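Coordinate analysis (summary)
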Amino acid sequence: MRMILENIKELVQVDPKNRLWVAGKSMAEVQTIKNAFVLIKGEQIVDFGPMDKLRLSDFEADDLIMEIDCSGKMVFPSYCDSHTHLVFAATREQEFIGRIKGLTYEEIAQQGGGILNSARRLHEMSEDDLFHHAMERLDEIMLTGTGAVEIKSGYGLTTESELKMLRVIRRMKQHSPLLIKSTFLAHAFPMEYRNKREEYLSLLINEMIPQIASEELADYVDVFCDRGFFTMEETDRILMAGMKHEMKGKVHANELANSGGVQVGVKYNALSADHLEFVEEEEISALLGSETMPTVLPGAAFFLNLKLAPVRKMIDAGLPVAMASDYNPGSSPSGNMNFIQSLGCLKYGMSPEETIHATTINSAYAMGISESYGSIAKGKVANLFITKEISSYAVIPYSFGSNLIETVILNGEIISLTPDPSPKWRGEFE
Ligand code: NIG
Ligand code: FE
């Protein structure tokens, strides 16, 4: 089966060079083709170019062809959301209200709220219910253009509950058209281990990680290296344990303080170092030339009113930057990557082009999939979306809070998402 997207007003983020990430000044340039086509065969993009190069007569007579007219509309590669915690049991709006009244995120955590609150709720919920709720969240993010997502554990905290979360993610991998990567996250010390850190570390290193590895339940290992959570030294030991079991590292680093997490991540060739609100020259130099993708999470900074990561400085120093949603109930209850682009432009001084790289190819790298996802290139998986009729690609970050996506294609198949074009109430006005 072949599918042709024709008369595309502008095909965005094409990359004949098939780069695995885009850094520094190059982030300001996005390659596009006006009046374009994309040819999909099976699950793959097999060709693309200007309409005048499309030769339908080249196709064999028995090829089934579906033609989609994209006049006035633009086509983008799907977003890759490289950092989420979207398996969770309950929302945490009481903490949100507490923060409005003046409590800080860290105060809530010290009082047993925050991650520990999510862990209690997750412990009580059945695996089936967790799965169904999380699948609904996947539908929600598909609607807003996400085609690949990384999902972390870390609300389990006990071996049993961490394994439960990871089994839920494995089941999601089997049932969703989205590409999913799973990460085991050492997230916080449970209350009962606050004065027995060494014992908890031993549980993580000698029990959880080996068991997760033997059941192949996680692709990566992540540690929340920050003030009040895991220290640099503890992070080092956990990443080392992950490495011994062939799981690449990722780090939550420098969100609440200058934690040293970036340097530990770089030492272990972590795929990404995420958050980065407290980043100075030393962290920028550590990241330059490393294999670690600096990843900012604008949703969390926005929702928690954090100081902002110095994204302009980072890009101007030549670094690549990725952006992800951090979708979770405590610090970023949204997985809308269009809004993440808006925040990138409005809060971090990024151009629309820079936010496109940050949410596609660079975030694909941050989840280890940029060889097959994150740009329009021959041989890549056909994960893309068609917009409504729009005047330019900058209108996506400009229209914060709107969804300008009309059609989603994942693995070369149309995912039916379009709401009823003529709902009943419309008749009243006609
Ligand atoms: O990435 N920073 C650490 N972990 C999550 C939030 C966890 C929570 O509050 O539930 C984050 O923001
Ligand atoms: Fe996170």
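**Here we look at helix 3 (residues 115-124)**
All buried positions along helix 3 are accounted for by Ile-115, Leu-116, Asn-117, Ser-118, Ala-119 and Leu-122. Next to the buried residues of helix 3 lie helix 1 (93-100), helix 4 (127-143), helix 5 (159-175) and strand 9 (220-225).

**Looking at the packing of aromatic side chains**
Within this structure, the stated rule accounts for 10 aromatic pairs. Ring centres of Phe-189 and Tyr-200 lie 5.6 Å apart, and the angle between their planes is 55 degrees; on these two criteria the pair is classed as tilted. Of the two residues, Phe-189 is situated in the loop between strand 8 (179-186) and helix 6 (197-214) and Tyr-200 in helix 6; the sequence distance between them amounts to 11 residues. The burial state of Phe-189 is the same as that of Tyr-200; both residues are buried. Ring-pair connections join several aromatic residues into one group, and the members of that group are Phe-189, Tyr-193, Tyr-200 and Phe-230.

**Focus: the pattern of salt bridges**
The tally for this structure, following the rule as stated, stands at 18 salt bridges. Here Lys-73 ties to Glu-406 by a salt bridge, and the two come within 2.7 Å at their closest N and O atoms. Taken together, the positions of Lys-73 in strand 5 (residues 73-77) and Glu-406 in strand 15 (residues 405-410) put the pair 333 residues apart, joining distant regions of the chain. The class for Lys-73 is buried, based on a relative accessible area of 16%. Overall, the relative accessible area of 27% leaves Glu-406 in the partly exposed class. The partner of Glu-354 in a salt bridge is Arg-312, and the shortest N-O contact between them spans 2.8 Å.

**Some words on the domain arrangement of the protein**
Interface size is commonly expressed as the accessible area that is lost once the parts come together. Domain assignment breaks the protein into domain 1 (2-77 + 375-426) and domain 2 (79-366). A separation of 29 Å is found between the C-alpha centroids of domain 1 and domain 2. Taken together, the contact pairs 32 residues of domain 1 with 30 residues of domain 2. At the boundary of domain 1 with domain 2, total buried surface from both sides reaches about 2600 Å², with 67% on carbon and sulfur atoms. On the domain 1 side of the interface with domain 2, the three residues burying the most area are Trp-21, Met-27 and Pro-397, jointly 22% of the side's total. Along the contact surface separating domain 1 from domain 2 lie 0 salt bridges. Summed over the shared surface of domain 1 and domain 2, the result is 11 residue pairs in polar contact (both at pLDDT 80 or more). Listed by contribution, the elements that provide at least two residues to the side of domain 1 that touches domain 2 are strand 5, helix 15 (395-398) and strand 15.

**Considerations on the site of ligand 1**
Near ligand 1, the surroundings consist of 15 residues, among which Tyr-105, Tyr-155, His-187, Glu-255 and Ser-331 are the closest. Between ligand 1 and Tyr-105 there is a distance of 2.4 Å, counted from an oxygen atom to a side-chain nitrogen or oxygen. Separating an oxygen atom of ligand 1 from a side-chain N or O atom of Tyr-155 is a distance of 2.6 Å. Here ligand 1 loses 100% of its free accessible area of 320 Å² to cover by the protein chains. Classifying every residue of the shell around ligand 1 gives 4 nonpolar, 8 polar and 3 charged.

**Some points on helix 5**
At 3.6 residues per turn, the α-helix brings residues three or four places apart onto the same side. Compared with the 24 Å implied by 1.5 Å per residue over 17 residues, the 25 Å span of helix 5 between its first and last C-alpha is a close match. Every buried residue of helix 5 is accounted for by Thr-159, Ser-161, Glu-162, Leu-163, Lys-164, Met-165, Leu-166, Val-168, Ile-169 and Met-172. In this structure, the buried side of helix 5 is in contact with helix 3, helix 4, strand 7 (146-152), strand 8 and helix 6.

About the cut-offs
- Residues numbered from 1 in each chain as written.
- Chains lettered and ligands numbered in written order.
- Predicted model: local features only at pLDDT ≥ 70, side-chain atom pairs only at ≥ 80, totals over all residues.
- Heavy atoms only, no water.
- Buried < 20%, exposed > 50% of the residue type's maximum accessible area, 1.4 Å probe, protein only.
- Helix = DSSP H or I, 4+ residues; strand = E, 2+ residues; numbered from the N terminus.
- Contact = heavy atoms within 4.5 Å.
- Phe/Tyr/Trp six-rings, centres within 6.5 Å; stacked < 30°, edge-to-face > 60°.
- Salt bridge = Lys/Arg side-chain N within 4 Å of Asp/Glu carboxyl O.
- Domains from an automatic or database assignment.
- Buried area = accessible area lost by both parts, 1.4 Å probe.
- Polar contact = N/O pair within 3.5 Å; in protein donor to acceptor, adjacent residues only side chain to side chain.
- Near = heavy atom within 4 Å.
- Areas by Shrake-Rupley, 256 points an atom, 1.4 Å probe, with all protein chains shown as cover.
- Nonpolar A, V, L, I, M, F, W, Y, C, P; charged D, E, K, R; others polar.
- Expected span 1.5 Å × (residues − 1).

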